[in-house]
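A look at the structure
Here is what each chain is made of, one letter per residue.
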Amino acid sequence: PETYTTIRLNGGTGFRTVNLFTEDHAALTGARDVIIKDILNPEESYNLNLNLNHIFTLGSSSGSIDFDAFYTHFTNKILPDYETNENQIIYANLDGVSISRGVALNVQKNFEIPLSITVGGTFLDLYSIDENGGKEEELFAPSFSAVFLVSFQLDKQNLSIDWTGKVYGPMNLPTYDEPFNRAEKSPWFTLQHLQIHKRFNNQLSTYFGVKNIF
C-alpha cells in the first residue's frame, strides 16, 4: 500500500549497572573532587512507550511521520549532586523516585527533486521526588530539543551536501557563589554542521565540512 499506519504499545522493566567514569565525563574533566557516598546499586525502572508510524506518498515522493509518547519510572537512579558542595560531585543512589516522561515527533520527507528533509522534536519532563515528597528537576535536561537534516544529492556528480543541526531549549544548570554565579537556566542555543561529500569511485571519496558554523 502507498499509505499505511502502524501503532505499537510496549511496556517493561529494566535494570543496568552504571559505568560511572565512562558515562559521566564531568567526573574526570573538571576540578571537582568526586565523592561516592555509598555502594552504587544498579539502576531499575518501569517503562511504557506508545509509537505511531505513518508512511505516506505525495505524487511520486514519499515520507514518514513518527510519534512517540513515553513514561519511565525509576525506582533507583544514580544522580550527580553538583550543588551541595561547589568543589565536589557527589554520587549516590536515588533517595525516592525519578520520572522521565514526554513526547517526540519526527517527520521525514523525500522530494521529487534530489532533496530530503528530516525534522524532529522532543518535549521532556524529567524530575525526581525525594522520600519527603520534594520535587527537583534534573540538571542538564532541556524541556525541549530538536534535530534536523537537509540532504541534497547530485547523483551525476556523485556529490552530496548535508546540513545538520540540533536545537536546545533552556535547561537547569548548577549555581555557584560569587564571583562565579550565573543564571540558573541556560539560554536557547543551536549546534549546526555543514558537510560536502564527493565520491570519485568505489575506492575513493573525500569530504569537506564545517562544524558549529554559527
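In what follows, the accompanying structure is described.

1. So, the packing of aromatic side chains
In this structure the tally under the stated criterion is five aromatic pairs. Pairing F123 with F144 gives two aromatic rings, centres 4.9 Å apart and planes at 50°, and the pair type is tilted. One end of the pair, F123, is in strand 8 (residues 115-130); the other, F144, is in strand 10 (residues 144-154), and 21 residues separate them in sequence. Relative to W188, the ring of F144 has its centre 5.9 Å away and its plane inclined at 50°; by these criteria the two rings are tilted.

2. Thoughts on the side chain of E43
Looking at the element boundaries, E43 is found in strand 3 (residues 43-58). On the basis of relative accessibility, which here comes to 8%, the residue E43 falls in the buried class. A distance of 3.0 Å separates a polar side-chain atom of E43 from the backbone nitrogen of I78. Ignoring sequence-local partners within four residues, the contact set of E43 consists of G14, F15, R16, V18, N76, K77 and I78.

3. Thoughts on unusual backbone geometry
One non-glycine residue, F140, lies in the positive phi region at around 60°. With a relative accessible area of 42%, F140 lands in the partly exposed category. Located in the positive-phi region is N212, a residue other than glycine, with phi close to 50°. Here N212 is to be found in the segment after strand 13 (205-210). A relative accessible area of 42% means that N212 is categorised as partly exposed.

About the criteria used
Residues numbered from 1 in each chain as written. Predicted model: local features only at pLDDT ≥ 70, side-chain atom pairs only at ≥ 80, totals over all residues. Heavy atoms only, no water. Phe/Tyr/Trp six-rings, centres within 6.5 Å; stacked < 30°, edge-to-face > 60°. Helix = DSSP H or I, 4+ residues; strand = E, 2+ residues; numbered from the N terminus. Buried < 20%, exposed > 50% of the residue type's maximum accessible area, 1.4 Å probe, protein only. Polar contact = N/O pair within 3.5 Å; in protein donor to acceptor, adjacent residues only side chain to side chain. Contact = heavy atoms within 4.5 Å.

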